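A closer look at the structure
One letter stands for each residue in the lines below.
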Amino acid sequence: MASTQAPAPAATQPQVTLYWLNHSRAQRIVWLLEELGVPYNIQTYQRNQDQLAPPELEKIHPLGKSPVLGISLPDPADPAKQKQLVLAESGFIVQYLCEHFAQHKTLLPKRYRDCQEGQLGGETDEWMRYQYFLHYAEGSLMTNIVVAIVLDVLRSPRIPFFIRPITGSVVSKLFSIFIGPQIAKHLAFLESQLETSPSGGSYLCGPHLTAADILLSFPLLQARERADELRAGEGQAKLAEKYPKLWEYLRRLEQEPGYKRAEAKIEELQKTK
């Protein structure tokens, strides 16, 4: 008599929630989730009039910043209960998601060359670039962008009009002697990295879009917003008139289907608020 065996229960799908803040780096995580094909929910927050994040975000993570990602899954100690993972910091969120959901996608490059698994120096050029840019985007590059964003406040309507000419003059000088040259150095570096992309690729880590490209999109968009006023030095061309490969690369990122889906999703959510 033939016996039948009940099919194994399907693995519980983790419940992923992105805590999204307007005008923040969280939009990159929406794009990444779209590329990974991971089902997710979005809980949106709006900045206060002072442009700071609302205090409600501190209930999710003590620092009250965005993006923050919550993942609910069965607790290994008691499968009947749910365990909540709370991930903060863009680079960590990207790395964690890709390690668990991108094994069969080009978003995460192959780590080792054939027959060199686990060997020191056996990593592929694509993977080495990918790892570097995961840290570079939020470290070296974004640091300069944040300084520019903060300085912009000192010449905005948020500053009393009678002292704005003074603060505006100081900020313009800082942009000229420090911010412009520093950002120009990074844009020139990225331009050279595109020129030497592995396998003649059109992305920074090779021929395929990776999560590192997604992570770099936000600081590059912020740099482009200021490229018409920034120069590498006195008498030099505006940054918007230099680095053609880099600006074309950024336009190409904006045409990615996942990027467009992410934008459309947030626009729809904003309409329902």
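It should be noted that the structure appears before, not after, this text.
I will try to describe carefully the structure that is included in this document. A quick note: this is a predicted structure, and the numbers were derived from the prediction, not measured. (Residues numbered from 1 in each chain as written. Predicted model: local features only at pLDDT ≥ 70, side-chain atom pairs only at ≥ 80, totals over all residues. Heavy atoms only, no water.)

Section: the sheet that holds strand E2 (residues 41-45)
We count it as follows: Pairing between two strands is assigned when DSSP locates at least 2 bridges connecting them. The helix and strand labels rest on DSSP assignments: H or I over at least four residues marks a helix, E over at least two residues marks a strand, and numbering proceeds from the N terminus. Geometry is summarised by axes, namely lines fitted to C-alpha atoms with helices restricted to the contacting stretch, and by angles between N-to-C directions that run from 0 to 180 degrees. Contacts: residue pairs with any heavy atoms within 4.5 Å of one another.
As summarised here, the arrangement of the four strands in space is E2-E1-E3-E4, forming an open sheet in which the pairing is mixed. The sheet terminates laterally at E2 and strand E4 (78-88), the two strands that pair on one side only. When strand polarity is set aside, the average angle formed by the axes of neighbouring strands in this sheet is 20 degrees. Alignment of strand E1 (residues 15-21) against E2, held across five bridges, turns out to be parallel. Its bridge partner lying in E2, Leu21 is registered against Tyr45. Its contacts with the sheet put helix H1 (residues 26-36) on E1, E2 and strand E3 (68-75), and the angle it makes with E1 is roughly 150 degrees. Those strands touched by helix H2 (residues 90-101) are E3 and E4, and its axis lies near 135 degrees from that of E4.

Looking at the packing of H1 against H2
Relative orientation and spacing of two packed helices are given, respectively, by the angle between their axes and the distance between those axes. Definition in use: We call two directions roughly parallel when the angle between them is under 35 degrees, roughly antiparallel when it is over 145, roughly perpendicular when it lies between 65 and 115, and oblique otherwise. When residues are sorted by character, Ala, Val, Leu, Ile, Met, Phe, Trp, Tyr, Cys and Pro go into the nonpolar class, Asp, Glu, Lys and Arg into the charged class, and all the rest, Gly among them, into the polar class.
Here H1 crosses H2 at 5 degrees, and the two axes come no closer than 11 Å. By the angle between their directions, the pair H1 and H2 is classed as roughly parallel. Along its contact with H1, which presents Arg28, Ile29, Leu32, Leu33 and Leu36, the element H2 presents Ser90, Ile93, Val94, Leu97, Cys98 and Phe101. Within the contact of H1 with H2, the residues separate by chemical class into nine nonpolar, one polar and one charged.

Things to note about the pattern of salt bridges
What counts here: Salt-bridge detection follows one rule: a side-chain nitrogen of Lys or Arg within 4 Å of a carboxyl oxygen of Asp or Glu. Any residue under 20% of the maximum accessible area for its type is buried, any over 50% is exposed, and the rest in between are partly exposed; the area is computed with a 1.4 Å probe on protein chains only.
Scanning the model with the defined rule gives eleven salt bridges in all. In this structure, Glu34 engages Lys265 in a salt bridge whose closest nitrogen and oxygen atoms are separated by 3.9 Å. With Glu34 in helix H1 and Lys265 in helix H7 (residues 257-271), this residue pair connects regions lying 231 residues apart in the sequence. For Lys265, a relative accessible area of 31% corresponds to the partly exposed category. Counted as one network, the salt bridges with shared partners bring together Asp152, Arg155, Arg226 and Glu229.

Things to note about a nonpolar patch on the surface
The cut-off we apply is this: Surface patches are drawn from residues lacking salt bridges whose relative accessible area is over 30%; two like charges belong together within 9 Å, two nonpolar side chains (Val, Leu, Ile, Met, Phe, Trp, Tyr) within 5 Å. Note that accessible areas follow from Shrake-Rupley with a 1.4 Å probe, and for residues the cover is restricted to the protein chains shown.
Where nonpolar side chains cluster on the molecular surface, the patch consists of Val147, Ile166, Val170, Leu174, Ile177 and Phe178 and spans about 520 Å² of accessible area. Among the elements that make up the nonpolar patch, the one with the highest residue count is helix H4 (residues 164-195) (five residues). Secondary-structure assignment places Leu174 in helix H4.

Looking at the packing of aromatic side chains
This is how it is decided: Aromatic rings from Phe, Tyr and Trp, with only the six-membered ring used for Trp, were paired whenever their centres fell within 6.5 Å, and each pair was classed as stacked if the ring planes differed by under 30 degrees, edge-to-face if by over 60, and tilted otherwise. Only lysine NZ and arginine CZ atoms are considered, and such an atom sits over a ring when it is within 6 Å of the ring centre and within 35 degrees of the ring normal.
Counting across every chain of the model gives eight aromatic pairs. For the ring pair Phe133 and Phe189, a centre distance of 6.4 Å and an interplane angle of 45 degrees mean the geometry is tilted. Here Phe133, found in helix H3 (residues 125-153), pairs with Phe189, found in helix H4; they are 56 residues apart in sequence, far enough to count as distant. Owing to a relative accessible area of 27%, Phe189 belongs among the partly exposed residues under this scheme. One aromatic cluster in this structure is built from Tyr132, Phe133, Tyr136 and Phe189. Over the face of the ring belonging to Phe175 we find Arg155, whose NZ or CZ atom lies 4.5 Å from the ring centre. The side chain of Lys265 reaches across the aromatic face of Tyr40, ending 3.9 Å from its centre.

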